[in-house]
Amino acid sequence: MNTEYTVKQRLIDFLEAKKISKTEFGRRIGVSAAFVSSMRKSIQPDKIKSIAIEFPELNTEWLLTGEGEMLKTGAAELAEPVQMIPLLPISAQGGTLNDFVVSVKEGDCERVVSPIRGAEFAMTITGDSMAPEYPNGSQILIKKVTSTSFLEWGKVYVLDTCDGSVIKIITPSEEEGCVRCMSINPDQKRYAPFDIPMSDIFGIYRVLLCMSLK
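From a predicted model like this one, the values you see are computed outputs, not experimental measurements.

Calculation notes
- Residues numbered from 1 in each chain as written.
- Predicted model: local features only at pLDDT ≥ 70, side-chain atom pairs only at ≥ 80, totals over all residues.
- Heavy atoms only, no water.
- Helix = DSSP H or I, 4+ residues; strand = E, 2+ residues; numbered from the N terminus.
- Buried < 20%, exposed > 50% of the residue type's maximum accessible area, 1.4 Å probe, protein only.
- Contact = heavy atoms within 4.5 Å.
- Pairing = 2+ DSSP bridges.
- Expected span 1.5 Å × (residues − 1).
- Polar contact = N/O pair within 3.5 Å; in protein donor to acceptor, adjacent residues only side chain to side chain.
- Phe/Tyr/Trp six-rings, centres within 6.5 Å; stacked < 30°, edge-to-face > 60°.
- Lys NZ or Arg CZ within 6 Å of the ring centre and 35° of its normal.
- Core = buried A, V, L, I, M, F, W, Y, C linked by side-chain atoms within 4.5 Å.
- Salt bridge = Lys/Arg side-chain N within 4 Å of Asp/Glu carboxyl O.

Participant: I would appreciate a short explanation of the overall build of the protein in the present structure.
Facilitator: Secondary structure assignment for the protein yields 5 helices and 9 strands. Going residue by residue from the N terminus, the α and β elements of the protein occur as α-α-α-α-β-α-β-β-β-β-β-β-β-β. Every one of the 214 residues in the protein was classed for burial, and the buried ones make up 40%. Counting contacts in the protein only where the partners sit at least 6 residues apart, residues at least 24 apart contribute 60% of the total.

The following block contains the structure:
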């Protein structure tokens with residue numbers, strides 16, 4: 001075994017193969033951007049655990065000893081890294097995303113695997129107004145809409161309002177300067193449609209996917 005081929009160099013080779021910068025690597029496992037550059041002959045056990053969780057395709061035995069292959073058998077192609085996105089510490093029909101942006105750093109959030117590209121955040125659904133398609137406790141993957149010109153009526157969005165975030169189907173409103181919010185739940189007496197003034201909306205997020213937790 002080549003003793004000059006150190007843990008540090010193997011980690012650098014892995015990051016280069018994955019096309020991940022040292023800064024991005026540090027952010028994903030919760031260390032400083034200088035972590036890789038300052039490494040010596042070994043890695044602390046807690047850091048190895050974080051690396052194994054964040055990069056499940058990496059053969060940690062290879063990383064530590066140089067034995068075997070860089071990737072585990074059956075691992076995905078190097079060019080297709082797993083996408084991790086922040087799980088917001090709020091829920092749909094709970095606090096506001098605006099409060100999150102102002103007071104919570106993205107790096108402080110739990111991160112979840114996104115099976116699709118383009119998602120920016122994950123949120124947890126509370127309540128039954130959008131059941132059964134969006135059941136209570138499920139997670140949705142969302143992406144911010146940069147312009148209201150791109151809104152598609154009849155689609156599901158998260159509206160970040162001054163009274164909290166809500167997940168609804170949105171349609172045009174008869175009230176000027178408003179959007180109409182509609183629930184999927186058939187109990188329309190309990191979940192009747194309502195209008196929200198655009199001036200009360202901080203941001204609009206398109207729902208890309210709903211994941212029910214088993």
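Participant: What is the right way to read the pairing of strand S4 (residues 139–144) from this model?
Facilitator: The two faces of the sheet receive side chains in turn, since in a regular strand these alternate between them. Where strand S3 (residues 121–125) lies against S4, 4 bridges are found, and the strand directions are antiparallel. Each bridged residue has a counterpart across the sheet, and for Thr124 the counterpart in S4 is Gln139. Of the pairings in the sheet, the one linking S4 to strand S9 (residues 201–211) comprises 6 bridges and is antiparallel in character. What sits directly across from Gln139, in S9, is Met211.

Participant: Would you explain helix H1 (residues 7–18) in this entry?
Facilitator: Working note: α-helix, 3.6 residues per turn, so residues spaced by three or four point in the same direction. For H1, built from 12 residues, the straight-helix expectation of 16 Å at 1.5 Å per residue is met to within 8% by its first-to-last C-alpha distance of 16 Å. The complete set of buried residues in H1 reads Val7, Arg10, Leu11, Ile12, Phe14, Leu15 and Lys18. Against the buried residues of H1 lie helix H2 (22–29) and helix H4 (60–65). Phi turns positive one or two residues past the end of H1, at Lys19, with a value near 60°.

Participant: I tried to follow the environment of Thr65 on my own but got confused; where do I start?
Facilitator: Take Thr65: it is sitting in helix H4. Separated by 59 residues in the primary sequence, Thr65 and Thr6 place their C-alpha atoms 8.4 Å from one another. Separated by 2.7 Å, the side chain of Thr65 and the backbone oxygen of Glu61 make a polar contact.

Participant: Help me understand the packing of aromatic side chains, please; the structure alone is not making it clear to me.
Facilitator: Two numbers describe a pair of aromatic rings. These are the distance of the centres and the angle of the planes. Summed over the entire model, instances satisfying the criterion amount to 4 aromatic pairs. Ring geometry for Phe25 versus Phe35: centroids 6.5 Å apart, planes at 35°, classification tilted. Placement of the pair is Phe25 in helix H2 and Phe35 in the loop between H2 and helix H3 (45–54), with a sequence separation of 10 residues. No difference in accessibility class separates Phe25 from Phe35, as the two residues are buried. The side chain of Arg206 reaches across the aromatic face of Tyr157, ending 5.6 Å from its centre.

Participant: What's the story with the nonpolar core in this structure? I'm lost.
Facilitator: Soluble, globular proteins show a tendency: their nonpolar side chains are buried together. Counting 20 residues, the largest nonpolar core has Phe25, Ile43, Phe55, Leu58 and Leu63 as the members making the most contacts within it. When contributions to this core are tallied by element, the ones reaching two or more residues are H1, H2, H3 and H4. It is H1 that provides the largest number of residues to this core, a total of 5 residues. Those residues in contact with Ile43, other than ones at most four positions away along the chain, are Val7, Phe35, Ile48, Ile51 and Leu63. Within the second largest apolar cluster, 15 residues are counted, among which are Phe121, Val156, Ile167 and Ile169.

Participant: Teacher, can you tell me more about unusual backbone geometry here?
Facilitator: Leaving glycine out, the prevailing phi sign among residues is negative, and the prevailing peptide bond configuration is trans. Cis geometry is adopted by the peptide bond preceding Pro132, which originates at Ala131 and carries an omega value of 10°. By the element assignment, Pro132 lies in the loop between S3 and S4.

Participant: I'm lost on the pattern of salt bridges in this one. Help?
Facilitator: Once their charged atoms are close, side chains differing in charge can pair, the charge on each being opposite to the other. With the rule as written, the count across this model stands at 7 salt bridges. A salt bridge links Arg27 to Glu24; its shortest N-O distance comes to 2.7 Å. Placement of both Arg27 and Glu24 in helix H2 is noted, with a separation of 3 residues, approximately one turn of the helix. Overall, Arg27 belongs to the partly exposed group, its relative accessible area being 37%. Of the residues examined, Glu24 reaches a relative accessible area of 27% and is grouped as partly exposed.

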